[in-house]
Amino acid sequence: MKADSNLKKVLTQNVFAVTAECGPPKGADPGVIKKKGNLLKGYVDSVNVTDNQTGVVRLCSMAACAILRQEGLDPILQMVTRDRNRIALQSDVLGASSLGIRNILCLSGDHQSFGNQQQAKGVFDIDSIQLIQTVRRMRDSGQIIGGEALSDPPELFIGAVANPFADPFDYRVIRLGKKAAAGAEFIQTQCIYNVKRFKEWMKQVLDRGLDKKVYILGGVTPLKSARMAEYMSKQVAGMDVPGDVIDRLKGVDPKDQRREGIRIAVETIGALKEMEGVRGVHIMAIEWEDAVPQIVEEAGLYPRPRISEE
Amino acid sequence: MITAERKPMAEIKAMLAPYRKILVVGCGTCVAECASGGEKEVGLLASALRMDAQIEGRTIEVREMTIDRQCVYEFIDKLTGVADRYEVILSLGCGAGVQAVAEAFPKMLVIPALNTTFIGETKEPGLWVENCRACGDCKLGYFAAVCPVTRCAKGLYNGPCGGSKNGVCEVDPDTPCAWQLIVERLENTGRNDLLEAIYPPADWSRQQGKGPRKIAREDQRSES
Amino acid sequence: MDQRTAGLNIAIFFCQQLDVNQDKNRRSLEKELGPRIRFFPLPCSGRIDPLHLLRALESGADMVYLIACPEGACRYREGNLRAKKRVRYAQQLIEEIGLEGVRIEMINRTAEMPDDIDAIARELLARDAKVSISPVRSNAILSFMQK
Ligand code: SF4
Ligand code: SF4
């Protein structure tokens, strides 16, 4: 019997979902992943595994997902179009399903010039929306690009990302609509610090009825320090960290800034829980996975529901 | 136009090191427009090579010649009777020019002096920007005449990535985000319908196909 | 040691707008120094091309000057600003073959400088030599400006 996506079950049963991110190591040790997985186990419904994020070579997302699955977690395979052409992507989609991975998050990926292989050739054969469409057709029609039939279709719950804080602002919701039309079922957003702007975006989402088409999970990243907040605000493209958040962190003693960062994250989740159309939260605690249990507990999202296998 | 930049002198010198009789050949078309391989640049490079040899106490013979186009046989033919008096041709043509010259002189050594860079436009004097990758299936009609293949750092067909901010690309703050331009131009030209359209995967066989591409036009070919 | 005593060959490109009588004024110095000094009047310093500068060096000049009007006082608005960039370009190119970039120097005329080109040139000759005789001519058969 094939197990279904836990994330899908949680969302379809109208439970406010919790996902978290796990970054694989820059090495071949499976222990790191097991450790991170066990930290998160019981506190989240599913775990995203990044795919060579920011163009830095790491243990592959697929292998890490397989390990997490063995550890009893429900992994979300992140797949970027930067490094693989359509042959490799479709092949990996089949491979993921065969390993029992049940969720996929389709992205274009950070540009290779940001990473540690700056001389790499960026592939970008297809883009994230075309990947969503491809996976959806593979799953629902059992066809690859070009129409050839598969002997067995993959089983995957299909996700995509959205950044409500990038430009052009009014196009952001149109792009979300395109992702939904392409076949995305759940959406994880960029980290939210500017709750006001996120609300404006959500209003556009509701106006277009997109909340009925996709499950939206708001992104939350706890800030470790005022310095990190400033760095994110200035150096990370498409990130919106308002001045009052930075000031709030600056206002507390450096040794208490982590605590304050968690508090801000918990408050943001509180706001998201109240927001119409938001169906869950995606916690990206970058190299700080052990903060996740605390955030989940303080946000009143613990324990996670146990959804029985049918 | 095809744009190019001169290679560093050290690289050119290293390639020319074994030779004494050098024919420096410029091209009067694209690379002249982008000031990398026209008559003037031939003069500069030849002068630098001669001085370099003098500094090192070597004797070399350098002849300068610039032909209208290095990629068309009729013009390359002007080198016939001259080329064979030299040991090597240093070509300031684009990659196509270098190869066409080499093909016209099967026994001649031909060395590139330029790094051929892109197909682009002269934006302002001294500034050239890339805007076409010759994909073989021009999609500009769907993207308000802004090429996403070339001008978006990720070649995205279906809208801006999450890094587009204040109109500039996340990859290079000196470059406008192609998608900001596409969205604006689609709106300005009344093609809002295309904003929501999903563009399917591109046909890269039109670009990469089976190796080098060819255009054969019967009406243009000679009888013999 | 000044440039004259050091035996340097000097080429001077200059904007004609600097000295209306340049034709007459430069004669005595040309007579005095013969092929060791050469003047190249330009309608505007903006007309300088890196190729001129290189050819002067190649023909045996040890120092090449470009004398332009003060910044902001170019008759053709930005000729002297363009000239500055071309000089920089030529400097970089000669540095690539191991010649000192300072062998090419651009001078924007200042209020303290004399009016006629002859006097300006004499001042330049009296300056301390920054470079020695160019290896381009010391290692090769001298053919300074004979062509
Ligand atoms: S779509 Fe293709 S042919 Fe058209 S400008 Fe872009 S790369 Fe060139
Ligand atoms: S910022 Fe714009 S141009 Fe740059 S990669 Fe993203 S979509 Fe493309």
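What comes next is a walk through the structure. (Residues numbered from 1 in each chain as written. Chains lettered and ligands numbered in written order. Predicted model: local features only at pLDDT ≥ 70, side-chain atom pairs only at ≥ 80, totals over all residues. Heavy atoms only, no water.)

### Section: the interface of chain B and chain C
Stage number 1. Contact with chain B, which involves 17 residues of that partner, is made by 16 residues of chain C.
Stage number 2. For the pair chain B and chain C, the two sides together bury roughly 1600 Å², of which 62% comes from carbon and sulfur.
Stage number 3. If you sort the residues of chain B by the area they bury against chain C, B:Leu44, B:Met51 and B:Ile55 come out on top, with a joint share of 41%.
Stage number 4. The interface formed by chain B and chain C contains four salt bridges.
Stage number 5. In this structure, the salt-bridge partner of B:Arg50 is C:Glu58, at a minimum N-O distance of 2.3 Å.
Stage number 6. Looking at the side of chain B that touches chain C, the elements that each hand over two or more residues are helix H1 (9-16) and helix H3 (39-55) of chain B.
Stage number 7. At 10 residues, the largest contribution of residues to the side of chain B that touches chain C is made by H3(B).
Stage number 8. Considered class by class, the residues forming the side of chain B that touches chain C number seven nonpolar, four polar and six charged. (Contact = heavy atoms within 4.5 Å. Buried area = accessible area lost by both parts, 1.4 Å probe. Salt bridge = Lys/Arg side-chain N within 4 Å of Asp/Glu carboxyl O. Helix = DSSP H or I, 4+ residues; strand = E, 2+ residues; numbered from the N terminus. Nonpolar A, V, L, I, M, F, W, Y, C, P; charged D, E, K, R; others polar.)

### Topic: empty space enclosed by the protein
Stage number 1. Using the criterion set out here, one finds three cavities of 30 Å³ or more in the structure.
Stage number 2. The calculated volume of the largest cavity comes to roughly 100 Å³.
Stage number 3. By residue class, the composition of the lining of the largest cavity is 11 nonpolar, two polar and three charged. (1 Å grid on protein atoms, 1.4 Å probe; cavity = no way out; pocket = protein on both sides within 12 Å on 5 of 7 lines; lining within 4 Å. Points joined across faces, edges and corners; volume = space filled by probe spheres on them.)

### As for helix H11 (residues 291-298) of chain A
Residues and elements named next belong to chain A.
Stage number 1. Buried within H11 we find Ala291, Val292, Pro293, Ile295 and Val296.
Stage number 2. Where the residues of H11 are buried, they touch strand E1 (17-22), helix H2 (30-40), helix H10 (257-274) and strand E8 (278-283).
Stage number 3. At the C-terminal side of H11, Gly300 shows a positive phi close to 75°. (Buried < 20%, exposed > 50% of the residue type's maximum accessible area, 1.4 Å probe, protein only.)

### Some remarks on the environment of C:Ala111
Stage number 1. Tracing the backbone through its elements, the reader meets C:Ala111 in the loop between strand E4 (104-108) and helix H5 (117-126).
Stage number 2. The spacing of C:Ala111 and C:Ala90 is 21 residues in sequence and 27 Å in space, taken between C-alpha atoms.

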